[in-house]
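Here's the letter readout for the chains.
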Amino acid sequence: GTFTTIYLIVEFFERINAILSNLAPLALMASYFLNTIPAIIAQVELAGILALRGELLRAEQVYESTQEWIARQVENPSLLDGILNVCSAGILLERNVLDEADHLVREGIEHARLGSRTNTLVYGYVILAQILRAQGDLVHAREAVEQANGYLRSHRIYPRTPQSVKVCQTEQWLAEGK
């Protein structure tokens, strides 16, 4: 819950960087910041608070309604689908709905890959490793951790992201009895 909320805030700043580095027209940037960003952040914060309070079903519903709103309001919703899918998968993991979480996180990883959302990819692989470990698939969980570590080595990543990978790596070692 807490990590998801922090990560979504990171995603917000990554989005700002993407807009600025692509030299988007001023009108598009203004519209995005004045309308879309505050609405998404408010919903993401609400979902994070609900998850922290243990209200996982309600948090999941907020993520779903946010995705529906984004699909209607945002010109290219697939750029945001990745992080929302990954975060929703994290909620499903906490609820032990593993098959659906597995499907959703893989979908989120693919969206993130297509949108070059490196932080989302790393977070997605961390969640995927946790899901696979919960399913008893230590071999593929290790591969997911290795994917996350690969992105850490080859891309510029938000400073808190490596810590989540280190925690995931440690959990993997413990699960493998190392």
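Numbering of residues begins from 1 in every chain and follows the order in which that chain's sequence is written. Under the rules for a predicted model, residues below a pLDDT of 70 receive no local features and side-chain atom pairs below 80 are neither given nor counted, while totals for whole chains, interfaces and linings still include all residues. Hydrogens and water molecules were not included; the side-chain quantities draw on all heavy atoms of the structure.

Visitor: I'm lost on the overall build of the protein chain in this one. Help?
Guide: Every helix listed is a DSSP run of H or I at least four residues long, and every strand listed is a run of E at least two residues long, numbered separately from the N terminus. Within the protein chain, the secondary structure is distributed over eight helices and zero strands. Ordered by position in the sequence, the α and β elements of the protein chain form the string α-α-α-α-α-α-α-α. Burial analysis of the protein chain (178 residues in total) assigns 48% to the buried set. Each accessible area is a Shrake-Rupley result for a 1.4 Å probe, and residues are judged covered by the shown protein chains and nothing else. For the protein chain, the exposed surface amounts to about 9,100 Å²; the carbon and sulfur share of it is 57%. A 1.4 Å probe rolled over the protein chains alone gives each residue an accessible area, and that area as a share of the maximum for its type sets the label: buried under 20%, exposed over 50%, partly exposed in between.

Visitor: I'm lost on the nonpolar core in this one. Help?
Guide: Side chains of nonpolar character tend, in soluble globular proteins, to be buried together. Only buried residues count toward a nonpolar core. Its members are Ala, Val, Leu, Ile, Met, Phe, Trp, Tyr and Cys residues joined through side-chain atoms within 4.5 Å. Val 105, Tyr 125, Ile 127 and Leu 128 are the most contacted members of the largest nonpolar core, which has 43 residues in total. Elements with a minimum of two residues in this core: helix H2 (26-52), helix H3 (56-73), helix H4 (78-94), helix H5 (98-114), helix H6 (118-134), helix H7 (138-154) and helix H8 (161-175). In terms of residues, this core owes the most to one element, H6, which gives 10 residues. Contacts are assigned to residue pairs with any non-hydrogen atoms lying within 4.5 Å of each other. Among all residues touching Ile 127, those that are not within four sequence positions of it are Val 86, Ala 89, Gly 90, Leu 93 and Val 105.

Visitor: Honestly, the pattern of salt bridges in this entry has me stumped. Any pointers?
Guide: When a carboxyl oxygen of Asp or Glu lies within 4 Å of a side-chain nitrogen of Lys or Arg, that pair is called a salt bridge. Applying the stated criterion across every chain yields a total of eight salt bridges. Among the ionic pairs, Arg 106 bridges to Asp 102, the shortest N-O distance being 2.8 Å. Placement of both Arg 106 and Asp 102 in helix H5 is noted, with a separation of four residues, approximately one turn of the helix. Here Glu 176 ties to Arg 142 by a salt bridge, and the two come within 2.8 Å at their closest N and O atoms.

Visitor: Just checking my understanding: could you explain the packing of H5 against H6 for this structure?
Guide: For any two helices packed against each other, the geometry comes down to the angle between their axes and how far apart the axes lie. All axes are obtained by fitting lines to C-alpha atoms, using only the stretch in contact for helices, and the reported angles, taken between N-to-C directions, cover 0 to 180 degrees. Taken N-terminus to C-terminus, the directions of H5 and H6 make an angle of 160°; their axes are 9 Å apart at the nearest point. Classified by the angle their axes make, H5 and H6 are roughly antiparallel. Regarding H5 and H6, the two cross each other, and that crossing is left-handed. Of the residues in H6, those touching H5 at Leu 98, Ala 101, Asp 102, Val 105, Arg 106, Ile 109, Ala 112 and Arg 113 are Thr 120, Leu 121, Gly 124, Tyr 125, Ile 127, Leu 128, Ile 131, Leu 132 and Ala 134. Ten residue types, Ala, Val, Leu, Ile, Met, Phe, Trp, Tyr, Cys and Pro, are classed as nonpolar, four, Asp, Glu, Lys and Arg, as charged, and the remainder, Gly among them, as polar. Its residues placed into classes, the contact of H5 with H6 shows 12 nonpolar, two polar and three charged. Oblique is the label for any angle not under 35 degrees, not over 145, and not in the 65 to 115 range, which are roughly parallel, roughly antiparallel and roughly perpendicular in turn. Should the near helix be turned counterclockwise from the far one by less than a right angle, the crossing is left-handed, whereas a clockwise turn marks it as right-handed.

Visitor: What exactly am I supposed to notice about H5 here?
Guide: Three- or four-residue spacings in an α-helix give side chains the same orientation, since the helix completes a turn every 3.6 residues. With 17 residues, H5 should cover 24 Å at 1.5 Å per step; its first-to-last C-alpha distance of 24 Å lies within 8% of that length. Those residues of H5 that fall on the buried side of the exposure criterion are Leu 98, Ala 101, Asp 102, Leu 104, Val 105, Gly 108, Ile 109 and Ala 112. Downstream of H5 by a residue or two, Ser 116 has a phi angle that is positive, lying close to 55°. The length a helix should cover is 1.5 Å for every residue beyond the first.

Visitor: For this particular structure, what's the right way to read H8?
Guide: Here H8 spans 21 Å end to end across 15 residues, near enough to the 21 Å set by a 1.5 Å rise per residue. Gly 177 occupies a position one or two residues after H8 and carries a positive phi of about 80°.

Visitor: Explain the side chain of Glu 60 to me, please; I cannot follow it from the model alone.
Guide: Mapped onto the elements, Glu 60 comes out in helix H3. On the accessibility criterion, Glu 60 (9% relative accessible area) is buried. Among all residues touching Glu 60, those that are not within four sequence positions of it are Ile 91, Leu 92, Arg 95 and Glu 100.

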